[in-house]
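Working through the structure, step by step
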Amino acid sequence: SSKYRHVFGKADRKESCYDNLKPSKGAWDSNKVKGNNKFIAVIWESRGGGSFAVLNNDKTGKYTSDLPLVSGHKGAVLDIDCSP
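In what follows, the accompanying structure is described.

What counts, and where the lines are drawn
Residues numbered from 1 in each chain as written. Predicted model: local features only at pLDDT ≥ 70, side-chain atom pairs only at ≥ 80, totals over all residues. Heavy atoms only, no water. Helix = DSSP H or I, 4+ residues; strand = E, 2+ residues; numbered from the N terminus. Core = buried A, V, L, I, M, F, W, Y, C linked by side-chain atoms within 4.5 Å. Buried < 20%, exposed > 50% of the residue type's maximum accessible area, 1.4 Å probe, protein only. Contact = heavy atoms within 4.5 Å. Salt bridge = Lys/Arg side-chain N within 4 Å of Asp/Glu carboxyl O.

A positive phi angle, near 70°, is found at Asn 20, a position not held by glycine. In this fold, Asn 20 is placed in the loop between strand S1 (18–19) and strand S2 (33–35).

Glancing now at the nonpolar core. Residues Ile 40, Val 42, Trp 44, Ala 53, Leu 55, Tyr 63 and Leu 67 constitute the largest nonpolar core, which totals 7 residues. Ranked by residue count, the leading element in this core is strand S3 (residues 39–44), at 3 residues. Setting aside residues no more than four positions away along its own chain, Trp 44 makes contact with Leu 21, Lys 22, Pro 23, Ser 24, Ser 51, Phe 52, Ala 53, Leu 67 and Leu 69.

This part covers the pattern of salt bridges. Evaluated as defined, the whole model comprises 3 salt bridges. A salt bridge links Glu 15 to Arg 13; its shortest N-O distance comes to 3.5 Å. Accessibility expressed as a relative area gives 54% for Arg 13, which makes it exposed. The shortest N-O distance in the salt bridge between Lys 34 and Asp 81 comes to 3.8 Å. Here Lys 34 is found in strand S2, whereas its partner Asp 81 is found in the segment after strand S6 (70–73), with 47 residues between them in sequence. A relative accessible area of 27% places Lys 34 in the partly exposed class. Using a relative accessible area of 61% as the deciding quantity, one classes Asp 81 as exposed.

Right, here's the structure in full:
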């Protein structure tokens, strides 16, 4: 019997979350989100090439759908990394 079976999490406020993001749905065995203490990088769901978004760690809430993306090449972005 586990002593943690009646422990439940509580969702944070919407103002403290990232909303309206479109991370990749590809079934790749890699990191889709990577971050450090200033930025978060997210591999983006896009057609016709690999893209990722770089988000400011301090700006939470709902993002617009016309977020600027970094497009590196025509193939899918499989892995991202951040410098500490």
